[in-house]
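Okay, here's what each chain looks like letter by letter:
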Amino acid sequence: MTSSYELPLIGGVVQAQRLIVPIQVVKGLESYRHACRMAWKLRTIKGMTRRTLAEHAGLYATHVSDYFSVKPNKRSLPADRIAAVERVLGNTVISQYQAGQANLTVLEEMQVARRAA
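A brief look at the structure comes next. Quick caveat: nothing in here was measured; it's all calculated off a predicted structure. (Residues numbered from 1 in each chain as written. Predicted model: local features only at pLDDT ≥ 70, side-chain atom pairs only at ≥ 80, totals over all residues. Heavy atoms only, no water.)

Focus: the nonpolar core
Reasoning step 1: In terms of nonpolar packing, the biggest core is built from 25 residues, with L53, L59, F68, L77, V85 and I94 touching the most fellow members.
Reasoning step 2: Elements that contribute at least two residues to this core include exactly α2 (32–41), α3 (50–57), α4 (61–67), α5 (82–89) and α6 (93–101).
Reasoning step 3: Sequence-distant contacts of I94, that is, excluding residues within four places in its chain, are made with Y32, A35, C36, A39, L77, I82, V85 and E86. (Core = buried A, V, L, I, M, F, W, Y, C linked by side-chain atoms within 4.5 Å. Buried < 20%, exposed > 50% of the residue type's maximum accessible area, 1.4 Å probe, protein only. Helix = DSSP H or I, 4+ residues; strand = E, 2+ residues; numbered from the N terminus. Contact = heavy atoms within 4.5 Å.)

As for α2
Reasoning step 1: What α2 keeps buried is the set Y32, R33, A35, C36, A39 and W40. In an axial view of α2, the angular spread of the buried residues amounts to 160 degrees, which keeps them on one side of the axis.
Reasoning step 2: Looking at the buried positions of α2, the neighbouring elements they touch are α3, α4, α5 and α6. (Arc of directions from axis to C-beta.)

A look at the packing of α5 against α6
Reasoning step 1: Where α5 meets α6, the closest approach of the two axes is 8 Å, and the angle between their N-to-C directions is 135 degrees. The angle between the axes of α5 and α6 places the two elements in the oblique class. Along the contact surface, α5 presents I82, V85 and E86, while α6 presents V93, I94, S95 and Q98.
Reasoning step 2: In the contact of α5 with α6, the residues fall into four nonpolar, two polar and one charged. (Axes fitted to C-alpha atoms, helices over the stretch in contact; angles between N-to-C directions. Parallel < 35°, antiparallel > 145°, perpendicular 65-115°, else oblique. Nonpolar A, V, L, I, M, F, W, Y, C, P; charged D, E, K, R; others polar.)

Focus on α5
Reasoning step 1: Most of α5 is tucked away: six of the eight residues are buried.
Reasoning step 2: Along α5, the residues that are buried comprise I82, A84, V85, E86, V88 and L89.
Reasoning step 3: Turning to α5, the residues buried within the fold contact α2, α3 and α6.
Reasoning step 4: Backbone geometry just downstream of α5 places G90 in the positive-phi region, at approximately 85 degrees.

Description of the pattern of salt bridges
Reasoning step 1: Per the counting criterion, the structure on display carries one salt bridge.
Reasoning step 2: The partner of D66 in a salt bridge is R75, with the nearest N and O atoms 2.9 Å apart.
Reasoning step 3: Taking relative accessible area as the criterion, D66 reaches 14% and is therefore assigned buried.
Reasoning step 4: By relative accessible area, R75 is classed as partly exposed at 40%. (Salt bridge = Lys/Arg side-chain N within 4 Å of Asp/Glu carboxyl O.)

So, to be careful, I would describe these as geometric facts and stop short of saying anything about function.
What follows is the structure, given as structure tokens:
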């Protein structure tokens, strides 16, 4: 006679690893567009298409090529989609760039988060 047992979840959920780029690299980025392009270049799945990114990050497929375009007059990645894009690409380049623009270090960000909690 077979029976099934429920096993309780021990610990937490394993999250996918994300690449955190050295601060020297982030400081060398000229603009938000360059940060987006670097994030695309450093994607963990090299064969990923822009259409796949759109599907997994909840973006319009027709807009994705604009977000990573070399041309400055193209539309920019909306701020509310950065976390989803970084999750799919597997790196934090865009968030790191934005934090650098606000002159915050990772340690300062953590301290602010602890005070808010």
